[in-house]
Structure formats: C-alpha cells, structure tokens
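# Secondary and tertiary structure notes
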Amino acid sequence: MGITAKQLIKILKKNGWKLARINSSHHIFVKEGYDRPVPVPFHKGKDDNLGDFAKEILKEANIDSKTFKEIQK
C-alpha cells in the first residue's frame, strides 16, 4: 500500500479526524465518538512510504478499504 504520511493525514481529515496535537514526530488525531487517538508518524523533510504501517493506522481509525478508495478520489 504505497501511501505517505501526508496522504494518510489527508484521508483522516476527509473522514472527520482532527489534529489534536503534535508530539515530537507524531501527529495525533482525534474524532468524536472514538476513545483512542490515532498517531501518524511524520518526520520533517522525509515523507516516506508508510507501507504496512498505514494499514494499521487506517484500521485504528476504522477506515475500511472501500471507504479508503472513496476518500482517495
């Protein structure tokens, strides 16, 4: 799944997640109705492919593959 941190953040925001804070090199997102925040690793100057880690982040955010494809459009 070739996705970068910037792309993942864009998808989270389109799905209603909001940036709550930045803790070191992680952007922490929250959404009303969800107890757990979702962290996204974001390293300045390096927007590398998150690989399989992106799948886990999307799973935590409760974004399935169908929703992911719709949001990416």
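All of these numbers come straight from a predicted model, not from anything done at the bench.

### Quick word on helix 2 (residues 52-60)
Listing the buried residues of helix 2 in full gives A54, I57 and L58. Considered in projection along helix 2, the buried side chains sweep an arc of 100° and stay on one side of the axis. Residues of helix 2 that are exposed and point over 90 degrees away from its buried face: D52 and K59. Trailing helix 2 by a residue or two, N62 shows a phi angle of about 60°, which is positive.

### Some thoughts on the pairing of strand 1 (residues 18-23)
Here strand 1 pairs with strand 2 (residues 26-30) via 5 bridges, running antiparallel. Across the sheet, I22 pairs through a bridge with H27, a residue of strand 2. What sits between strand 1 and strand 2 in their antiparallel hairpin is a turn of 2 residues, with S24 showing a positive phi close to 60°.

Conventions we followed
- Residues numbered from 1 in each chain as written.
- Predicted model: local features only at pLDDT ≥ 70, side-chain atom pairs only at ≥ 80, totals over all residues.
- Heavy atoms only, no water.
- Buried < 20%, exposed > 50% of the residue type's maximum accessible area, 1.4 Å probe, protein only.
- Helix = DSSP H or I, 4+ residues; strand = E, 2+ residues; numbered from the N terminus.
- Arc of directions from axis to C-beta.
- Pairing = 2+ DSSP bridges.

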